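# A look at the structure
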Amino acid sequence: MTDKTDIILIINGRAHAISVEPRKTLVDAIRDDCGQTGTHIGCEHGICGTCTIILDGDAVRSCLMFAVQADGRHIRTVEGLADGETLHPLQQAFITHHGLQCGFCTPGFLMLAVNALEHNPNIGDDELLDVLASNLCRCTGYQNIIKAVRAARDEMRGAKAT
Amino acid sequence: MSHGGNAHGYPTPPPSSARRVLGHAVARIEDRPLVTGRGRYAGDINFPHQLHMRIVRSPNAHGKILSVDASAALAMPGVLAVWTNADIAELSPIDFRADKNATGIREFRQPALAQTYVRYIGDPVAAVFADDPYVAEDAAEQVALAIEALPVVMSASDPPGEFEPGRSSEAIVLHHSFGDVEAAFRNAHAVIELDLQTGRHSGVPLETRGAIGVYDAAKDLLELHGAAKIPHRNRETLCRMLNRAPSSLHLHESHVGGGFGIRGELYPEDVLVLVAAMRFERPVKWIEDRREHLMCANQGREQRHRARIAVDRDGHILGIEDEIFHDQGAYIRTHGVNVPNRTMCMMTGAYKVPAYRAKARVRLTNKTPAATYRAPGRYESTFVRSRLMDAVAAKLGIDPVEVRRRNLITAQEMPYVIAFDEPGVEALEFDSGDFPALLEKALKAFGWDKLQADLKRRRAAGELVGAGVAIFMEESGRGPSDNAKIKVDPDGTVELITGGASLGQGFETVMAQICAEALGVDYRRVRVIHGQTDLIDHGIGAHAARATVLTGGAVHVTATMVRDKALEFASELLQTPADDLDIVDGMVMRRDTKGGPSIALGDLAKRLAPGSKLLRGRDPQLAAHGWYNTDHTVFPYGVHLAVACVDRDTGRVAVERFMVAYDVGRAVNPLLIEGQLVGGCVQGLGGALSEEFVYDEAGEPLSATFADYLMPTVHDVPDVEVLLTEDAPSPRHPLGLKGAGEGGINGAGGVIASAIDDALQMSGAITRLPVTPQRIRDLLRR
C-alpha cells in the first residue's frame with residue numbers, strides 16, 4: 001500500500017505538487033501534504049459536511065474522495081475566501097450574526113453556502129435551508145447560521161444590482 | 001429544608017445601559033481566525049518526528065482477554081511498538097478528580113489499557129505506535145485478540161451482574177433525603193407513581209478528541225497538547241498518576257471544536273500519549289475517528305426512575321420519592337458519581353417540596369462509560385419532575401401551568417436553602433430569583449392563552465398538536481477560587497492570562513468585556529489567554545457554567561487592581577486626585593472636564609518599567625495578579641415552553657415553537673448568551689426526539705455513525721425564541737453574574753414530553769426519551 005503517486009492539487013490557485021498513496025483521502029492530502037488545515041475532518045463518512053470544499057465549482061465532501069481523484073483539479077478552501085484582509089461577505093456575516101461558536105464546522109458551512117450563492121445568487125429561503133441541511137453544527141442550533149447566510153445573500157445580491 | 005440564611009453580600013450591579021461594554025451584545029474577538037481557516041485544533045498540531053498512536057479496541061462487550069498477538073503488526077514497516085496493559089503495568093487506572101469523594105468506587109476506574117477483562121465494545125486493549133497514521137491503523141487491524149466471551153449486563157434496571165469475580169456491578173447506592181416522607185405519602189390526597197426513562201445520548205462535538213504528548217528530556221518537561229475544558233485540574237490528576245511535579249507537566253489548550261462536558265475530561269488515550277512520549281522520547285499524536293468517538297467518548301443521561309409524588313387536594317406537593325437506576329456504562333470515569341448525585345439534589349427544582357427521598361443505584365453495564373453531559377443530572381431530573389407535575393395536573397383536573405404556579409418558591413423566600421439529611425451532602429442555597437415572575441413573563445411573551453385556543457381549534461380539525469411547559473433550576477459558578485493576571489503593554493495592549501478554558505462558547509470575548517469594563521479600554525485590545533498551565537498555576541477551566549462567573553469574577557477583581565494602580569499613579573503625574581480621574585478608551589483623564597490633562601495607559605506602563613525613576617517605591621509594571629474566592633454557588637433558573645405537532649402517519653414530531661426564558665442575573669454579552677441558550681436547546685431537542693446510543697442484546701453499539709446517531713439538522717429545529725431576563729442578579733457575585741451554558745438544554749426533554757402528551761391528548765403517554773417516530777407510532781397504535 002505504500003506505492004505513492006505524484007499528483008498536483010491546485011488549492012486556491014496555487015499548485016501543490018505532492019506524492020500520495022492512492023488510498024489517501026483528499027482531505028488528508030489537503031491538510032497534511034499541502035498544510036491547509038482550515039478544512040476540518042468531522043466524521044470521515046460523508047455526513048457532517050465539515051470537510052466541504054469547492055472542487056471545480058461544486059461543493060464536495062473531501063473525506064469521500066481520494067486525493068488522486070483531484071489530480072490537476074481546482075480546489076477552493078476556506079483559506080481562499082477572503083481577499084487579503086477583506087473578508088468575504090459571508091465570513092463577515094458569520095461574525096456579525098454570531099453564526100459560529102467553536103468554529104469547527106464553520107469552514108464547511110462557509111464553502112457549502114458560498115457555492116450555493118455562487119450557483120444561484122437569488123436562492124430562496126427554503127432552498128437555502130435544503131442546502132444548509134447538508135451539514136451539521138453542534139454549537140449554534142443553526143439559527144444564526146441561517147441568519148448569516150441570508151444576510152450575505154441579500155448583501156451580495158444588493159452589491160450586484162448597484 | 002429551611003429558608004433564610006446568609007446575608008446578601010454585593011449591592012445590585014448597574015444595568016448594561018449604565019455600562020460601557022459589559023452587558024452589550026458586541027461581536028466576538030475570536031471569530032476572525034475561525035472564519036479564515038486559521039483555527040488551530042488538535043488535529044492541526046504537529047511536531048517534528050512525531051509518532052502516531054492507534055488504539056486496538058475490544059470487539060466484545062464483556063470478556064476475558066486470553067491473548068494479544070501483535071507479531072504481525074510489529075513486522076510491518078513503520079511500526080515501532082505495540083503496547084498492552086503489561087507495558088504500562090505501573091500506571092494506575094484513569095483517576096477521579098482530586099475533589100471527588102471516591103470511597104468505595106475506585107475499583108471501577110478504567111485502566112488505560114484493559115487488564116484481564118474487557119467491558120464494552122471499544123474498550124482499549126492495545127496501543128500501536130507507528131510513523132504514519134495510516135500505517136498505525138493498518139497495524140492495529142493486524143493485532144489479533146483472543147477473548148473469552150462473558151455474560152453481558154445491558155440494562156441498569158436488570159439484576160446486577162459481576163464487574164469482576166466476586167464484585168457486583170452495582171457499584172454504589174446513593175441517598176438524598178429530607179423531611180418526613182412517610183407522613184407525606186400517608187396524608188396525601190393523591191399519590192402518583194411513574195416509571196420513566198431518559199435515553200442514552202451525549203455531547204458529540206464536531207471535533208473528535210485529540211491528544212499530542214511531547215517530552216523534552218533535557219528539561220524533563222512533559223506536555224499534553226489538545227487539552228480542553230479543565231487543563232489545570234487534569235494536570236493535577238496526571239501528576240498524581242505519573243508521579244510528577246506540577247511544574248514538570250504542562251497542558252496546552254488550543255482551539256477546541258465543542259465540548260459540552262464530555263471533551264476535555266481525562267481519557268485513556270490522553271495518558272497513553274504522555275507515557276509513550278516519555279518512553280520513546282518522541283512526540284506522540286492521537287486523533288480519534290468518529291466511530292471511536294461514538295463508541296468511546298463519555299455518554300450520558302441513561303436513567304430509569306421509579307418516581308412517586310404525594311399531593312394535597314389542591315395540587316400542593318407534599319412529598320417526592322424516587323428510585324433511580326443509573327446506567328453508568330462499563331467504568332466510572334473522572335467525575336465519580338457526580339451525575340446521579342446532581343440528579344438527586346436538583347430533583348425538586350424550583351418547587352417547595354416538604355419531604356423528599358431519593359435513592360440512586362449506580363450500576364455498571366457493558367456499554368460505553370457515562371459521565372457528565374451539559375446540564376448533567378438536571379436534564380434528567382427536570383424530565384422526571386415535569387412528568388410528575390403533568391401527572392398531578394391530569395389526576396386532579398388542574399391546569400398544568402396552574403399546578404406549577406401553586407408550588408413555586410417565591411421571591412420573598414430567597415435565599416432558599418435545601419438541606420439534605422445525609423452527612424456530607426452539600427445543601428443547595430438558592431441565592432436569588434423570582435420564579436413566578438419569570439413564568440408569567442414567559443407565558444405572556446409566548447402568547448400562552450391565545451395559543452391554547454389556537455391549539456384546541458387545530459386539534460378539533462384533526463391535527464395532533466399541543467404545548468408544554470417545564471420549569472427548572474440551574475446551578476453555576478461553584479467555587480472555590482479562580483485567578484487572573486493582567487498586564488498593560490507600553491503600546492496599550494492588555495494581556496489577560498486566565499485559568500479558564502474555551503470550548504468555543506465565546507470565553508475570550510466575555511473575559512475581554514469584563515476586563516475592559518473595569519479598565520476602561522476597548523475590549524478588542526485585550527488579548528485573552530486561557531488553558532495554558534505554564535502561564536498561570538491555577539485555573540478552574542470551563543465546566544458547570546463556571547467560566548463567566550468564577551473566572552469572570554477573578555478578571556473583574558484583577559482589572560480593578562490594575563485600574564486602581566493606574567489611577568493612583570496617574571493622580572501623581574497629572575496632579576489630580578485619583579477620585580476625579582476616569583479611564584476612557586485607554587486614556588486616564590478627568591471625569592468632570594473634557595480636554596484637561598490626560599495620559600494613555602500604555603504611557604503609564606512605560607513609566608512604570610523596571611528602573612524607572614517615577615516608580616517611587618511602587619512595584620514595576622502596570623500589572624496585577626488577583627483572586628476571586630467564593631464559598632457559594634449561584635442559581636440561575638428558567639422556563640421552557642414548546643409547541644409540538646405530531647405527524648400521524650410517520651410519527652415524526654415537529655417542534656413548531658420553542659421558547660427559552662432564562663434569568664441570568666446580569667448578562668455580560670446577550671448575543672453570546674442567546675447563542676448558548678439556542679445551541680443548548682437544539683442539543684436538548686436531539687436528546688428528546690432523535691439522538692440515542694442504541695445497543696443490541698450482545699452489547700454491539702448500533703449508533704456508531706452519524707447515519708445512525710441522529711443529531712438535529714437545519715430542518716429539525718424551530719426558530720428558538722429567547723426571553724433573557726436580569727431580574728435576579730446574584731448577591732453573591734460582584735457583577736451579579738450567573739452562568740448560561742446549560743439553561744437551553746435543561747428543560748428540553750421535559751417540555752417536549754409535555755407538549756407531545758398534549759398533542760396526542762394522552763396524559764402521561766410519554767414516559768421515555770427520546771420520543772422517536774417509532775415510539776410515537778407504537779403509542780398511536782394503542
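Note that the structure is predicted; figures quoted are calculated from it, not measured.

This part takes up the overall build of chain A. A tally of helices and strands in chain A yields 5 helices and 5 strands. Each helix and strand of chain A, ordered N terminal to C terminal, gives the series β-β-α-β-β-β-α-α-α-α. Projected onto its principal axes, the C-alpha coordinates of chain A cover approximately 50 × 35 × 25 Å. Here chain A holds 162 residues, and the buried ones make up 54% of them. Expressed as a percentage of contacts within chain A between residues at least 6 apart in sequence, the contacts between residues at least 24 apart total 58%.

A separate point is the overall build of chain B. Check the secondary structure of chain B and you find 18 helices and 31 strands. Its C-alpha atoms give chain B a radius of gyration of 27 Å, within 12% of the compact-globule value 28 Å for 782 residues. In terms of principal-axis extent, the alpha carbons of chain B reach across some 85 × 75 × 50 Å. Across the 782 residues of chain B, 58% fall into the buried class. By sequence separation, contacts in chain B at least 24 residues apart represent 82% of the contacts at least 6 residues apart.

On to the sheet that holds strand β31 (residues 721-725) of chain B. One key point about sheets: their strands pair by backbone hydrogen bonds, in either a parallel or an antiparallel sense. Residue and element names in this part refer to chain B. Pairing is mixed in the open sheet, where 4 strands are placed in the order β21-β29-β30-β31. Strands with a single pairing partner mark the edges of an open sheet, and in this sheet they are β21 (464-473) and β31. For this sheet, the mean inter-axis angle between neighbouring strands, taken without regard to orientation, is 10 degrees. Of the strand pairs in this sheet, β21 and strand β29 (residues 637-646) are connected by 10 bridges, and their pairing is antiparallel.

Below, the discussion takes up the interface of chain B and chain A. If you look at the interface, chain B gives 43 residues, while chain A gives 43 residues. Residue contributions to the side of chain B that touches chain A peak at 7 residues, all from helix α16 (residues 670-689) of chain B. For the side of chain B that touches chain A, the residue count by class is 21 nonpolar, 15 polar and 7 charged.

The subject of this paragraph is the environment of A:D83. Among the secondary structure elements, A:D83 is positioned in the loop between β5 (74-76) and α2 (89-96). Taking the C-alpha atoms as reference points, A:D83 and A:L9, 74 residues apart in sequence, are found 21 Å from one another.

Residue and element names in this part refer to chain B. In the contact formed by helix α13 (residues 507-519) and helix α14 (residues 547-574), the axes pass within 8 Å of each other and the chain directions differ by 30 degrees. Taken together, the axes of α13 and α14 lie roughly parallel to each other. Of the two elements, α13 crosses α14, and the hand of that crossing is right-handed. Side by side, α13 and α14 meet where F507, V510, M511, I514, C515, A518 and L519 of the first sit next to A547, T548, T551, G552, V555, H556, A559, T560, V562 and R563 of the second. Of the residues belonging to the contact of α13 with α14, the class tally is 11 nonpolar, 5 polar and 1 charged.

All names here are of chain A. When the domains of chain A are assigned, the result is domain 1 (5-80) and domain 2 (89-161). With centres defined by C-alpha atoms, the gap from domain 1 to domain 2 works out at 22 Å. Between domain 1 and domain 2, the contact holds 15 residues from the first and 11 residues from the second. Contributing elements (two or more residues each) for the side of domain 1 that touches domain 2: β3 (52-55) and β4 (58-61).

Another aspect to go through is the nonpolar core. By size, the foremost hydrophobic cluster in this structure holds 292 residues, and its most contacted members are B:M53, B:A126, B:V128, B:C515, B:I752 and B:I756. Apart from the residues lying within four places of it in its own chain, the contact partners of B:I756 are B:G466, B:A644, B:V646, B:V653, B:I766 and B:V771.

This brings us to the domain arrangement of chain B. Residues and elements named next belong to chain B. According to the domain assignment, chain B contains domain 1 (42-150 + 208-256 + 263-296), domain 2 (303-476 + 633-781) and domain 3 (478-629). At the interface, 14 residues of domain 1 touch 15 residues of domain 3. Every element with two or more residues in the side of domain 1 that touches domain 3 is listed here: α5 (231-242) and β14 (249-253). A per-class count over the side of domain 1 that touches domain 3 returns 6 nonpolar, 3 polar and 5 charged.

With that settled, the discussion passes to the sheet that holds strand β7 (residues 144-149) of chain B. Residues and elements named next belong to chain B. Strand order in the open sheet made by the 3 strands is β5-β3-β7, with antiparallel pairing throughout. The sheet is open, and its two edges are formed by β5 (117-118) and β7, each paired on a single side. Note that strand β3 (residues 63-69) and β7 share 6 bridges and pair antiparallel. Looking at β7, one finds that V68 is bridged to L145.

On to the environment of B:M589, then. Residues and elements named next belong to chain B. Mapped onto the secondary structure, M589 falls in strand β26 (residues 587-590). What makes M589 buried here is the crowd of 23 C-beta atoms within 10 Å. In the structure, M589 is positioned 132 residues away from R457 in sequence and 65 Å away in space, judged by C-alpha atoms. Setting aside its immediate chain neighbours within four residues, M589 contacts L581, D582, V584, G596 and S598.

Bringing the confidence of the model for chain B into the picture now. A residue-level look at chain B finds 98% of positions with pLDDT of 70 or above and a mean pLDDT of 96. Overall, residues 1-7 of chain B carries pLDDT values under 50, and its contacts beyond four positions in sequence, including any with other chains, amount to 14 contacts.

What follows concerns helix α8 (residues 338-345) of chain B. All names here are of chain B. In terms of burial, α8 is a largely internal element, 7 of the 8 residues being buried. For α8, the set of buried residues is V339, P340, N341, R342, T343, M344 and C345. On the buried face of α8, the contacting elements are β10 (170-178), β16 (303-311), β17 (317-329), β18 (356-364), α9 (378-396) and β20 (428-430).

In this section: the packing of α9(B) against helix α17 (residues 748-760) of chain B. Residues and elements named next belong to chain B. Packing of α9 against α17 brings their axes to within 7 Å, and their N-to-C directions diverge by 30 degrees. As summarised for this structure, α9 and α17 are arranged roughly parallel, according to the angle between their axes. When the axes of α9 and α17 are compared, the crossing they make is right-handed. Residues Y379, T382, F383, S386, R387 and D390 of α9 form the contact with α17, whose own contacting residues are G749, G750, V751, A753, S754 and D757.

Turning our attention to unusual backbone geometry. Residues and elements named next belong to chain B. Omega for the bond connecting M414 with P415 falls within 30 degrees of zero, at -10 degrees, which places this linkage in the cis form. With respect to the helices, strands and loops of the structure, P415 is situated in the loop between α10 (400-405) and β19 (416-418). Backbone geometry places H49, a non-glycine residue, at a positive phi of 70 degrees. As for its position among the elements, H49 is in the loop between α1 (31-35) and β2 (51-57). A tally of 9 C-beta atoms within 10 Å means that H49 is categorised as exposed.

We now examine the pairing of strand β12 (residues 210-216) of chain B. Residues and elements named next belong to chain B. Counting buried positions along β12 gives 6 out of 7 residues, so the element sits mostly inside the fold. Looking at chain direction, β12 and strand β15 (residues 284-287) are connected through 4 bridges and run antiparallel. Across the sheet, the residue bridging to A211 is W286, located in β15. Strand direction decides the pairing type here: β12 and strand β13 (residues 221-227), joined by 5 bridges, are antiparallel. Looking across to β13, one finds that Y215 is bridged to L222. The turn linking β12 back onto β13 is made up of 4 residues, and D220 within it adopts a positive phi angle of 50 degrees.

Moving on, we get to the pairing of β4(A). Residue and element names in this part refer to chain A. The sheet contact formed by β3 and β4 spans 4 bridges and is antiparallel. Bridge assignment links I54 to a residue of β4, and that residue is A59. A loop of 2 residues connects β3 with β4, the two strands running antiparallel in sequence, and D56 in this loop sits at a positive phi of about 45 degrees.

Basis of the calculations
Residues numbered from 1 in each chain as written. Chains lettered and ligands numbered in written order. Predicted model: local features only at pLDDT ≥ 70, side-chain atom pairs only at ≥ 80, totals over all residues. Helix = DSSP H or I, 4+ residues; strand = E, 2+ residues; numbered from the N terminus. Buried ≥ 20, exposed ≤ 12 C-beta atoms within 10 Å, placed from the backbone. Contact = placed C-beta atoms within 7 Å. Rg over C-alpha atoms; globule rule 2.2 N^0.38 Å. Pairing = 2+ DSSP bridges. Axes fitted to C-alpha atoms, helices over the stretch in contact; angles between N-to-C directions. Nonpolar A, V, L, I, M, F, W, Y, C, P; charged D, E, K, R; others polar. Parallel < 35°, antiparallel > 145°, perpendicular 65-115°, else oblique. Left-handed = near helix turned anticlockwise from the far one by under 90°. Domains from an automatic or database assignment. Core = buried A, V, L, I, M, F, W, Y, C linked by C-beta atoms within 7 Å. pLDDT = per-residue confidence, 0-100.

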